[in-house]
Amino acid sequence: MSKAAEIDIVSVSKIYGATTAVEDISLKIPAGTYCCLLGPSGCGKTSTLRMIAGHETISSGDVRLGNTVVTDLPPARRGTAMMFQSYALFPHLDLVDNVAFSLKMKGVGKEERRAKALDMLKLMQMEAYAGRRPAQLSGGQQQRVALARALITDPEALLLDEPLSALDPFLKIRMRAELKKLQTSLGITFVHVTHSQEEAMALADLIVVMNDGRIEQAAHPRTIFERPATAFVARFMGDHNVVSGRVSGSRDGMVVFNVPGGASLAASGQGRAVGEPIDIAIRTDHVRIGEAPATGLGFTGVASNVEYRGSTVKLSVNGAGIEDFTVIVDDTSFFAKPVAVGDAVPIAWDAEDAIVLGRLDS
Amino acid sequence: MTVALEQSTHVESAKPARRSLSLGAIAPYLQATPLALILGAFLLLPILMIAVVSFWDYDFAAMYPDFLTTNYVDTLGSWVTWKTYLNTLKYAGIVWALTLFIGFWVAYFLAFHIRTTVMQMVLFLVCTVPFLTSNIIRMISWIPVLGRNGLVNSTLVQIGLIPKPIEWLLYSEFAVVLAMVHLYTLFMVTPIFNTLMRIDKSLVEAARDAGASGWQILWNVIFPLAKPGMAIGTIFVVTLVMADFSTVQVMSGGQSASVALMMKNQMSLLQYPAAAANAVVLLVLVLLMVASILRIVDIRKEL
């Protein structure tokens, strides 16, 4: 059961009539990886998953699973199994027959397939409910049955379409721990579509951030969070301030740029041509209240909102042409020197915390 | 002490109960009254009257209140009745099988092969267009098609496929079944279409993901899930065919009989009690059929 397949997506596009859902994406998912396709709704992540599964035709490009090109194969012959968003359990069949469905389609005898299905249900700790119908189960139980049904085909890759979206917040966290444990024990490739960055960070070995049918960044969660590649990734992952401006020059190995109608800031990164647009990201929790260590690593603004959050305090600051700059300060340092709405606040960060973001050429 | 405690709780609980009796307890009955009155006056009362009259005596001119079982003895003891019932059941069986087959495929096509909802609704409305004219008109319109010198016969003769017109096209059991299928198929299409529309399309994908072929999906997923719709359609068609007399009379040209036609003839001879006894027997038979359909298929989730 520990066979896993590498999934190789080679310049795949999906075009529906006049709209392009997925535009020429290429992605290698190493064998045995937990990969999360992350993005807002309509970004093409589900289309990508469905193309890997074979439920959507591929307009152009190829998908390889292991050593086989599966582009034109039907879903069942790809070695993948899909778990659907609403689980899509057959309402007229009991759990055993639901799980045994694919074996029945293959013509496996009744006793044998029911025994195998029961084993699978045992693995998911659902054997006590074997005789029930899906409607008699809770959301979490339905998910386990859906997993059992998908895994009985012994797939090389499991494709999950927003598997946790139908669950309540508490169950979501529990089931996602179960998913991670299952993936580790099975060792097969998981591809999981989600729009929750928290879910992706918690589960994935590889996060693929998608937007407008294209991949913005594909990397380990830590890389995605600490070094977002584009302004979209920084904004979507949250906890980053994105500041835009135009390059005015460079100094001490840093790019200097002007924010329209405001300050001149600096950020570490490769030199760029003067006049070019530039975006930088600054982690909200790496910003502090105080004077800048060097010119261009801070500005002074007016506090427009103060939110107490227990261990931290969230400040919103406007000024120097920057709107709604978020500062997260820990409570002790905030209350040592409190700030009220309307106060002028000096804000600063370190050179390595200002990251120059790339742009996808369009 | 326990007795005292019980008594006191009794007294306490009795008070709010009496108050609710004056208002809350009567309200549901009041709400149910209009429907109960209508059903009582227009359904239960007539059936009761039929049941009562079925025990009366009669001669060529009048009916006499009585309690006789002769009407039932006559009805059930006559081989004509049995033959007519068998004939009606035969029609019901054939028409049911044909409408189920045609109805399922029409509904399946509408639900799964028409992509847009608008087109689905347009085509479904097209199916109901014949209902803008009366049953009789739709039935009679078959006569110029099937008749001795009708469209079908004259075309076939002109092509040279047959030397002389086919006689059994009209005024035959074939014509009766054809007209009934034409009249009643939509009663099968509608409930099946309704159930098929409720099938989650991801179930079909899940089945395909599990390696099911088109026929396997149809047989293992769609068919079982369409059963409630088929049951409702079956009830419609069976009860309609069992009670039909005009189609049988017109399309068979009087050469075939049905139970309802037999009743109609009895009534035209003023044998009302005999017809009433017949009606009670038919009612019991149809109710038994409906009950057995409901036993086989659970239609509750459909209602």
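Residues numbered from 1 in each chain as written. Chains lettered and ligands numbered in written order. Predicted model: local features only at pLDDT ≥ 70, side-chain atom pairs only at ≥ 80, totals over all residues.

As annotated in an unreviewed UniProt entry, chain B is Putative spermidine/putrescine transport system permease protein from Mesorhizobium tianshanense. According to UniProt, the comment filed for chain B under the heading Subcellular location (unreviewed entry) is "Cell membrane". The UniProt entry for chain B carries this comment under Sequence similarities (unreviewed entry): "Belongs to the binding-protein-dependent transport system permease family. CysTW subfamily." (UniProt positions renumbered as here; feature names shortened; annotations may be inferred.)

By the naming in an unreviewed UniProt entry, chain A goes by Putative spermidine/putrescine transport system ATP-binding protein and is assigned to Mesorhizobium tianshanense. Per UniProt, the comment on chain A under Sequence similarities (unreviewed entry) is "Belongs to the ABC transporter superfamily."

A.B. asks: Lay out the overall build of chain B in plain terms, naming residues and giving numbers.
C.D. replies: Scanning chain B from terminus to terminus reveals 14 helices and 2 strands. Relative to the globule expectation of 19 Å for 303 residues, the C-alpha radius of gyration of chain B, 27 Å, shows a markedly less compact shape. In terms of its C-alpha atoms, chain B occupies a principal-axis envelope of roughly 105 × 70 × 35 Å. Across the 303 residues that make up chain B, the buried fraction comes to 28%. Put simply, of all contacts in chain B between residues at least 6 apart along the chain, 71% involve residues at least 24 apart. (Helix = DSSP H or I, 4+ residues; strand = E, 2+ residues; numbered from the N terminus. Rg over C-alpha atoms; globule rule 2.2 N^0.38 Å. Buried ≥ 20, exposed ≤ 12 C-beta atoms within 10 Å, placed from the backbone. Contact = placed C-beta atoms within 7 Å.)

A.B. asks: Account for the interface of chain B and chain A, naming residues and giving values.
C.D. replies: Listed as interface residues are 14 residues of chain B and, on the opposing side, 16 residues of chain A. Mapped onto the side of chain B that touches chain A, the elements with two or more residues apiece are α10 (201–209) and α11 (214–242) of chain B. Of the residues contributing to the side of chain B that touches chain A, the split by class is 7 nonpolar, 3 polar and 4 charged. (Nonpolar A, V, L, I, M, F, W, Y, C, P; charged D, E, K, R; others polar.)

A.B. asks: Can you explain helix α13 (residues 259–268) of chain B? Please cite residues and give values.
C.D. replies: Residues and elements named next belong to chain B. Within α13 the residues assigned to the buried category are Val259, Ala260, Leu261, Met262 and Met263. Among the structural elements, α4 (79–113), α11, α12 (246–252) and α14 (272–296) are those in contact with the buried residues of α13. One or two steps after α13, the chain reaches leucine 270, where phi turns positive at roughly 65°.

A.B. asks: Can you lay out the pairing of strand β16 (residues 298–308) of chain A for me, pointing to particular residues and giving the numbers?
C.D. replies: Each regular strand carries side chains that alternate between the two faces of the sheet. Residue and element names in this part refer to chain A. Where β16 and strand β19 (residues 344–348) come together, 5 bridges link them in antiparallel fashion. Across the sheet, glycine 301 pairs through a bridge with valine 345, a residue of β19. As consecutive antiparallel partners, β16 and strand β17 (residues 312–319) are separated by 3 residues, and within that stretch glycine 310 has a phi angle of approximately 90°, a positive value. (Pairing = 2+ DSSP bridges.)

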